[in-house]
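Chain residues, written in single-letter form:
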Amino acid sequence: MNKRTLMVAAIILGACLLFFQPIFANALPEDWVAPASADSLQSPIKSNSDSWMPGEAIYKTACGVCHGVSGFGDGIAAVALNPRPADLTSKVVQDQSDGALFWKLTTGKTPMASYKDVYTDQQRWELVEYIRNLEKKD
Ligand code: HEC
């Protein structure tokens, strides 16, 4: 290969990288961050050893398919999804405020639906409470 062929090859490679860059960028997991204002949302539910119970039925029907029955992000639909469903027991999730989790359930983010019109505020807070207790419960 002479110098000129190499240079042409380099230019073509560079052009390809530029062209496909947005695709690569999309494939990278991006952080989903709730707005700071969500942190001030207050749950009407008082946490105690039974407060996970009301959310259980909805979680099992609506969330477990993606997030898994124990919340590890390993539901039966999980393998097909990009990004993968979050591990709800993980530190990144558990370190967020109740309000931030509530905001995420309310807003949704593809492939997860917005649950704003599906469940009442009370039910979404019950789900937050359920998420909080995923680890303790088992
Ligand atoms: C279709 C699959 C699917 C279903 C059903 C689903 N989720 Fe998700 N969920 C996801 C995916 C995928 C993400 C990660 C989104 C991202 O990070 O871009 C996510 C993220 C979340 C997060 C934010 C985690 C974080 O990293 O901050 C919470 C909280 C959550 N889901 C709770 C729920 C609850 C509660 C339900 C049931 C009402 C539910 N999800 C139903 C797929 C799903």
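To be clear, the structure that these remarks concern was listed above.
Residues numbered from 1 in each chain as written. Predicted model: local features only at pLDDT ≥ 70, side-chain atom pairs only at ≥ 80, totals over all residues. Heavy atoms only, no water.

Q: Now, about the coordination of the iron atom of the ligand: what can you tell me, with residues and values included?
A: Distances from the iron atom of the ligand to its protein donors, namely H67 (NE2) and M112 (SD), fall within the range 2.0 Å. One way to put it: the 6 donor atoms around the iron atom of the ligand meet at angles of 88 to 179°, and that makes the site octahedral. Taken as a pair, H67 in helix α2 (residues 53-67) and M112 in the loop between α4 (98-107) and α5 (121-132) lie far apart in primary sequence, 45 residues in all. A relative accessible area of 10% means that H67 is categorised as buried. (Donors = N, O, S within 2.8 Å, 3.2 Å for Na, K, Ca; no water. Tetrahedral: all angles 85-135°; square planar, octahedral: opposite > 155°, others 65-115°. Helix = DSSP H or I, 4+ residues; strand = E, 2+ residues; numbered from the N terminus. Buried < 20%, exposed > 50% of the residue type's maximum accessible area, 1.4 Å probe, protein only.)

Q: Quick one: what's the story with the packing of α4 against α5, residue by residue and with numbers?
A: It is at 9 Å that the axes of α4 and α5 come closest, and there the two elements cross at 125°. Judged by the angle between their axes, α4 and α5 are oblique. Once α4 is placed against α5, the crossing between them reads as right-handed. For the pair α4 and α5, the contacting residues are D98, G99, L101, F102, L105 and T106 in the first and D121, R124, W125, L127, V128, I131 and R132 in the second. Tallied by class, the residues present in the contact of α4 with α5 amount to 7 nonpolar, 2 polar and 4 charged. (Axes fitted to C-alpha atoms, helices over the stretch in contact; angles between N-to-C directions. Parallel < 35°, antiparallel > 145°, perpendicular 65-115°, else oblique. Left-handed = near helix turned anticlockwise from the far one by under 90°. Contact = heavy atoms within 4.5 Å. Nonpolar A, V, L, I, M, F, W, Y, C, P; charged D, E, K, R; others polar.)

Q: So, α5: which residues are in play, and what are the values?
A: Counted at 1.5 Å a residue, the expected span for α5 with its 12 residues is 16 Å, and the 17 Å between its end C-alpha atoms agrees. Among the 12 residues of α5, 9 are classified as buried, and the element is accordingly described as predominantly covered. Within α5, the full set of buried residues consists of R124, W125, E126, L127, V128, E129, Y130, I131 and R132. (Expected span 1.5 Å × (residues − 1).)

Q: How would you explain the side chain of R132 if you had to name every residue and give the values?
A: Position of R132 relative to the elements: it lies in helix α5. The exposure class of R132 is buried, given its relative accessible area of 17%. Polar contacts involving the side chain of R132 include one to the side chain of D98, which spans 2.7 Å. Beyond its immediate sequence surroundings of up to four residues, R132 is in contact with V93, Q94, Q96, S97, D98 and L101. (Polar contact = N/O pair within 3.5 Å; in protein donor to acceptor, adjacent residues only side chain to side chain.)

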